Amino acid sequence: RMAAAPPSYCFVAFPPCSKDGLVVFGKNSARPRDEVQEVVYFAAAEHEPGSKVECTYIEIEQVPKTHAVMLSRPSWLWGAEMGANEHGVCVANEAVVTREPASESEALLGMDLVRLGLERGATAKEALDVIVALLEEHGQGGNYYEDGSSCHTFQSAFLIVDRNEAWILETSGKYWAAEKITEGVKCICNQLSLTTKIDAEHPELRNYVKSQGWWNGDSDFNFSEVFSLADDHLACCSGRESLEKQGGDVSAQAMIDVLRDKDSGVCVDSESFLTTASIVSVLPQDPSFPCIHYFTGTPDPSRSIFKPFIFVDDVKLVPKVQSPSFGNDDPAKKIPRFQEKPDRRHELYKAHEWARSLLENDQDKGQKLMRIMLELEKQGLEAMEDILSRTEILDPAEVVDLFYDCVDTELKFFK
């Protein structure tokens, strides 16, 4: 039984640590090694009064309007590991273990809350408010993995970012605390990190922990100390130092380099876990510039290409990074769940598997392929830098096929 929470890493850097008035966000999603992540876009939508939305395990009330979102998600579930919306809000989650056992009863998953926050929040603070209100109403629980033999449950932490600020939200059951960040570099990983600087919290949080005998009410209230198991709440962020070393120059490229770093442990490749997808987002503090979101859609960022996406109307859909849909026949939707595992690989994932085996088995060809891939990525990064340094407003027609074309080019190289 994989009791340890998967070691994902999320980062945010604010000016003056980051370049040119940009907020830079990144996440490596560590998940079971064979799990496929897809990259999916959902347009903004209006919903009939009284309509419901079917999340991974439970159905909840829908809201009148949902924002456009681009998500990277394990393809068996409804929510997302990470993603962004059209208003420049980015959300990523972490599975965490607290002294309170996570519920096996099916409720909202941390991943569902990522998507719900993005669909319903036009700012980081709004997304936070959405997530904590839904936690209060529906709770969190249910299997985190597509595993019929065992139920793996965790509590959730979130990094919620927009052009102006970020919130670190950490939860245990329906109880939560949050810290607001507007400068410097922050990293969250698979253990609690909030200490005594708490800018918002569940109204009953302190009474609850007192009633449990976890805090006496006299000492400073330290969220991690109160909720962590023994000595779990140690500084876990090996990637943060490398970002801080950039000294005011954290850019999309610097964030990508940190996510690719296997030596630091940020890029996970272990017996149980693999970084199955990654994201980097660049959010200009000046709202006249577009936010740019880079998705890999494939495992192991050190062997993947970060491809840019910009929200515009009528953006071209990219079926080649979407997993096949099994509708109501999906074993994730039938009770008992996960009795079998269908093949969820999308076209880009399959092509990338071939590339990975080439890298492992034929050094020369593999290195050559990697050089071509990184050159392709560099062109994308430079084109995006150009968009962010222009004085004229971006013409949406210029980027409507952006992500589509990048995926297409990558597939051509693999073929």
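Computed from a predicted structure; not experimentally measured.

Chemist: Explain the sheet that holds strand E16 (residues 273-284) to me, please; I cannot follow it from the model alone.
Modeler: Hydrogen bonding along the main chain pairs the strands of a sheet, whether they run parallel or antiparallel. What the 6 strands build is an open sheet, ordered E14-E1-E2-E16-E17-E18; its pairing is antiparallel. For this open sheet the edge positions go to strand E14 (185-188) and strand E18 (307-309), each flanked by a neighbour on one side alone. Each adjacent strand pair in this sheet contributes to an overall mean axis angle of 15 degrees, direction not counted. Where strand E2 (residues 22-32) meets E16, 11 bridges bridge the pair, whose relative direction is antiparallel. The partner of Phe25 across the bridge, within E16, is Ser281.

Chemist: What is the right way to look at the pairing of strand E11 (residues 155-161) in this model?
Modeler: Sheet faces and side chains relate simply in a regular strand, where the side chains alternate between the two faces. With respect to burial, E11 is a largely interior element, 7 of its 7 residues being buried. Burial of the side chains of E11 extends over both faces: Gln155, Ala157, Leu159 and Val161 are buried on one face and Ser156, Phe158 and Ile160 on the other. Pairing analysis gives 7 bridges linking strand E10 (residues 90-96) to E11, with the strands arranged antiparallel. The partner of Glu94 across the bridge, within E11, is Ala157. Connecting E11 to the antiparallel partner strand E12 (residues 166-172) that follows it, the hairpin turn spans 4 residues.

Chemist: Honestly, the packing of aromatic side chains in this entry has me stumped. Any pointers?
Modeler: To describe a pair of aromatic rings, one takes the distance between the centres and the angle between the planes. For the structure shown, the criterion picks out 14 aromatic pairs. Taking 5.0 Å as the distance between ring centres and 75 degrees as the angle between the ring planes, the aromatic pair formed by Trp215 and Phe221 counts as edge-to-face. Of the two residues, Trp215 and Phe221, neither departs from the other in class, the shared state being buried. Through successive ring pairs, a cluster of aromatic residues spans Tyr41, Phe295, Phe309, Phe311 and Phe403. Over the ring of Tyr349 we find Arg356, and its NZ or CZ is 6.0 Å from the ring centre.

Chemist: Whenever I open this one, the layout of surface pockets confuses me. Can you help?
Modeler: Where empty space is left in the structure can be found by rolling a water-sized probe over the atoms. Reported here for the largest pocket is a volume of approximately 430 Å³. Of the residues contributing to the lining of the largest pocket, the split by class is 9 nonpolar, 6 polar and 7 charged.

Chemist: Help me understand the pairing of strand E3 (residues 37-42) in this model?
Modeler: Among the 6 residues in E3, 5 count as buried, and that is most of the element. Inspection of the sheet shows E3 paired to strand E8 (residues 69-74) by 6 bridges, in the antiparallel sense. Bridge pairing in E8 links Tyr41 to Met70.

Chemist: Hey, could you run me through the environment of Pro331 in this one?
Modeler: Here Pro331 lies in the loop between E18 and helix H7 (347-361). As a C-alpha pair, Pro331 and Leu394 span 63 residues in sequence and 44 Å in three-dimensional space. Look past the residues within four positions of Pro331 in its chain and what remains in contact with it is Arg337, Phe338, Gln339, Glu340, Pro342 and Arg344.

Chemist: Help me out: how do you make sense of H7 in this one?
Modeler: Because the α-helix completes a turn every 3.6 residues, residues three or four places apart line up on one side. Given a rise of 1.5 Å per residue, 15 residues ought to cover 21 Å, and the 22 Å separating the end C-alpha atoms of H7 matches this to within 8%. For H7, the set of buried residues is Leu348, Tyr349, Ala351, His352, Ala355, Arg356, Leu358 and Leu359. Elements that come into contact with the buried residues of H7 comprise E16, E18, helix H8 (363-389) and helix H10 (402-414).

Chemist: Looking at this structure, how should I read empty space enclosed by the protein?
Modeler: Under the counting rule described, the total for this entry stands at 4 cavities of 30 Å³ or more. Taken together, Val39, Val40, Tyr41, Met70, Phe309, Val315, Lys316, Leu317, Val318, Val321, Gln322 and Phe403 form the lining of the largest cavity. Top element by residues in the lining of the largest cavity is E3. It accounts for 3 residues. Taken together, the residues of the lining of the largest cavity break down into 10 nonpolar, 1 polar and 1 charged. What the second largest cavity holds in volume is close to 50 Å³. What lines the second largest cavity is simply Arg303, Ile305, His352, Ala355, Arg356, Leu359, Leu369, Met370, Met373 and Phe414. Put simply, the parts of the chain that give the lining of the second largest cavity at least two residues each are H7 and H8.

Chemist: Looking at this model, I keep getting lost on H8. Mind explaining?
Modeler: With 27 residues, H8 ought to run about 39 Å at 1.5 Å a step, and its terminal C-alpha atoms sit 38 Å apart, in line with that. Of the residues making up H8, those classed as buried are Gly366, Leu369, Met370, Met373, Leu376, Glu377, Gly380, Leu381, Met384, Ile387 and Leu388.

Parameters and conventions
Residues numbered from 1 in each chain as written. Predicted model: local features only at pLDDT ≥ 70, side-chain atom pairs only at ≥ 80, totals over all residues. Heavy atoms only, no water. Pairing = 2+ DSSP bridges. Helix = DSSP H or I, 4+ residues; strand = E, 2+ residues; numbered from the N terminus. Axes fitted to C-alpha atoms, helices over the stretch in contact; angles between N-to-C directions. Buried < 20%, exposed > 50% of the residue type's maximum accessible area, 1.4 Å probe, protein only. Phe/Tyr/Trp six-rings, centres within 6.5 Å; stacked < 30°, edge-to-face > 60°. Lys NZ or Arg CZ within 6 Å of the ring centre and 35° of its normal. 1 Å grid on protein atoms, 1.4 Å probe; cavity = no way out; pocket = protein on both sides within 12 Å on 5 of 7 lines; lining within 4 Å. Points joined across faces, edges and corners; volume = space filled by probe spheres on them. Nonpolar A, V, L, I, M, F, W, Y, C, P; charged D, E, K, R; others polar. Contact = heavy atoms within 4.5 Å. Expected span 1.5 Å × (residues − 1).

Any link to function would need more than the numbers given here.
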